[in-house]
Amino acid sequence: MNKKNQLGVALAGLGYYSENQLAPALLQTTHCYLAGIVTGTPSKIPAWKKQYNIPEQNIYTYDTFDAIKDNDAIDIVYIVLPNAMHAEYTIRAFAAGKHVICEKPMALSVSECDAMIAAAQQANKHLSIGYRLHYDPYNLEMVRLAKEKVYGTIKNIDTAFAIEAQEGEWRLNKAVAGGGPLMDVGIYCLQAVCYITGMEPIAITAKTFPVSDTEKFVGIEETIEWQMEMPGEITATCRTSYREEVGYVKVNGTDGWFQLEPAFNYAGLHMQTSNGYTMELPPLSQQALQMDGIAAAIKNNEASKVPGIMGRRDMQIITAIYEAAATGKKVIVNYGV
Ligand code: NAD
């Protein structure tokens, strides 16, 4: 730690999310700042170096990545690479003695999650997943409304998140993405159901739909719907797709309803409720709040709000959703080891 008591973050992977969201957010953070970058594309380096004032010795390639261990300016490595690379680079960052934030989905399988968690324990460092909405005031207000039973006891939740995937993206490559929209954006729906209820699903039924383009969607779903049975007879109906643009979460309680639409975007979230209550805040950066929250937890030696075990739990739920869709049967989620 060297810059005004801020932790140094190195972004590994300088694609869309790093360039447009995380790096600009790191100019607004108090507890951390952009100290370094890891990239396989040398042509990106000059612009990043100049814009963020990154010293030469804090710039790494995937080949030199492990030398981060000798760099005291870097405290946290933020893995912003395609999903299939999350486990390898998280484990290598722990071997280098750094804390890790890993983007969602945590990995491609529960066993990869286990290896990542074991590496964190061995290094005695923090592992957090990039679940930004745990730091977003609108989603946190949904949690409060549920917890305080402002609209009564929750009966059911309806949620969907879908985006249009573009031809040629790694997101359409099963080996790199690990699955289709469920791994990418559907994960926000199951996350929302879990954080709003404070519970985890017991059983799942699911259904995929025939793909519209058999060359574009090979080995991955294009659209999937699933139902989650929660404790207390709460049911959640969820949908994700690479063919639509939608994102909402609506909660029905015994005394009314509350919803966010859009619910999962970076900005412009909008709350509506059955009694006209709403909230409107000045523009904010979810990513700045998220990285500051994680950095503050590391500095104070507190547990992460978005730990590796949460990412692992979500991988168990995703595994159950895929199994339910493949078999057409109700699947009890396996939270065991
Ligand atoms: P992207 O394709 O824009 O960027 C990926 C980066 O990885 C690129 O810089 C690319 O050059 C690099 N890369 C290195 N090896 C690669 C390989 N073998 N194949 C492809 N790219 C390779 O992707 P992105 O949208 O920035 O997503 C990166 C990660 O961040 C994903 O895990 C994604 O799920 C996550 N993400 C999270 C959010 C969020 O809101 N939390 C938003 C977007 C993306």
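Definitions and cut-offs
Residues numbered from 1 in each chain as written. Predicted model: local features only at pLDDT ≥ 70, side-chain atom pairs only at ≥ 80, totals over all residues. Heavy atoms only, no water. Helix = DSSP H or I, 4+ residues; strand = E, 2+ residues; numbered from the N terminus. Rg over C-alpha atoms; globule rule 2.2 N^0.38 Å. Areas by Shrake-Rupley, 256 points an atom, 1.4 Å probe, with all protein chains shown as cover. Near = heavy atom within 4 Å. Polar contact = N/O pair within 3.5 Å; in protein donor to acceptor, adjacent residues only side chain to side chain. Nonpolar A, V, L, I, M, F, W, Y, C, P; charged D, E, K, R; others polar. Domains from an automatic or database assignment. Contact = heavy atoms within 4.5 Å. Pairing = 2+ DSSP bridges. Axes fitted to C-alpha atoms, helices over the stretch in contact; angles between N-to-C directions. Buried < 20%, exposed > 50% of the residue type's maximum accessible area, 1.4 Å probe, protein only. Right-handed = clockwise from strand over helix to strand, strands pointing away. Left-handed = near helix turned anticlockwise from the far one by under 90°.

Draft legend 1. Spatial organisation of the overall build of the protein chain. Of the regular secondary structure elements, the protein chain holds nine helices and 14 strands. Over its C-alpha atoms the protein chain spans a radius of gyration of 20 Å, differing by no more than 12% from the 20 Å that the globule rule assigns to 337 residues. Counting only C-alpha atoms and orienting by the principal axes, one finds that the protein chain spans roughly 55 × 45 × 35 Å. Of the roughly 14700 Å² of accessible surface on the protein chain, 51% is carried by carbon and sulfur atoms.

Draft legend 2. Summary view of the site of the ligand. Taken together, 21 residues form the shell around the ligand, and within it Tyr16, Lys104, Arg132, Trp170 and Arg171 come nearest. One of the side-chain nitrogen or oxygen atoms of tryptophan 170 is found 2.7 Å away from an oxygen atom of the ligand. Taken together, the elements giving at least two residues each to the shell around the ligand come down to α1 (16–25) and α7 (181–197). In terms of residue class, the shell around the ligand is built from 11 nonpolar, four polar and six charged. Lining the shell around the ligand are residues from two domains, each supplying at least three of them: domain 1 (3–132 + 289–306) and domain 2 (136–282 + 315–332).

Draft legend 3. Local environment of the side chain of aspartate 314. For aspartate 314, the location among the structural elements is in helix α9 (residues 308–327). Residue contacts for aspartate 314: discarding those within four places in its chain leaves Tyr131, Ile187, Leu190 and Gln191.

Draft legend 4. Summary view of the sheet that holds strand β3 (residues 59–60). In spatial order, the strands read β3-β2-β1-β4-β5-β6; together these six strands make up an open sheet with parallel pairing. This sheet does not close on itself; its edge strands, each paired only once, are β3 and β6 (127–129). Pairing between strand β2 (residues 32–38) and β3: two bridges, direction parallel. Considered in β3, the bridge of isoleucine 37 is made with isoleucine 59. Across the sheet, helix α3 (residues 86–95) touches β4 (76–79), β5 (99–102) and β6, and the angle it forms with β5 is around 165°. The strands touched by helix α8 (residues 286–299) within the sheet are β1 (7–12), β2, β4, β5 and β6, with β4 carrying the most contacts at an inclination of about 145°.

Draft legend 5. Spotlight on the sheet that holds strand β13 (residues 271–273). Spatial ordering of the open sheet is given by β13-β12-β11-β7-β10-β9-β8-β14, a layout of eight strands whose pairing is mixed. The open sheet is flanked by β13 and β14 (331–332), the only strands paired with a single partner. In the packing of helix α5 (residues 137–147) onto the sheet, contacts are made with β7 (154–164), β11 (243–253), β12 (256–260) and β13, and the angle to β12 comes to roughly 165°. Its contacts with the sheet put α9 on β8 (203–208), β9 (223–229) and β14, and the angle it makes with β8 is roughly 55°.

Draft legend 6. Seen up close, the pairing of β4. Burial along β4 is two-sided: Ile76 and Tyr78 facing one way and Val77 and Ile79 facing the other are all buried. As judged from the four bridges shared by β1 and β4, these two strands associate in the parallel manner. Residue pairing across strands places alanine 12 opposite isoleucine 79, the latter belonging to β4. Across four bridges, the pairing between β4 and β5 is parallel. Looking across to β5, one finds that valine 77 is bridged to valine 100. Viewed along the sheet, the connection from β4 through α3 into β5 turns out right-handed.

Draft legend 7. Quick look at the packing of α1 against α8. Closest axis-to-axis distance for the α1/α8 pair is 7 Å, and the angle between their directions is 60°. α1 and α8 meet at a crossing whose hand is right-handed. When α1 is examined against α8, the residues Tyr17, Gln21, Leu22 and Ala25 are found in contact with a partner set consisting of Gln287, Ala288, Gln290 and Met291. In the contact of α1 with α8, the residues fall into five nonpolar, three polar and no charged.

Draft legend 8. Summary view of the environment of glutamate 245. Along the chain, the position of glutamate 245 falls in strand β11. With a relative accessible area of 59%, glutamate 245 lands in the exposed category. Expressed as a C-alpha distance, the spacing of glutamate 245 and alanine 165, which sit 80 residues apart in the sequence, is 10.0 Å. When residues no more than four places from it in sequence are discounted, the contact partners of glutamate 245 are Ala162, Ile163 and Glu164.

Draft legend 9. Layout of the pairing of β5. Side chains His99 and Ile101 project from β5 onto one buried face, and the interleaved Val100 and Cys102 project onto a second face that is buried too. Bridge count between β5 and β6: three bridges; the pairing is parallel. In the strand pairing of β6, cysteine 102 is matched with isoleucine 129. Between β5 and its parallel partner β6, the chain crosses via helix α4 (residues 110–123), and the hand of that crossover is right-handed.

Geometric descriptors of this kind do not, in isolation, establish any biological role.
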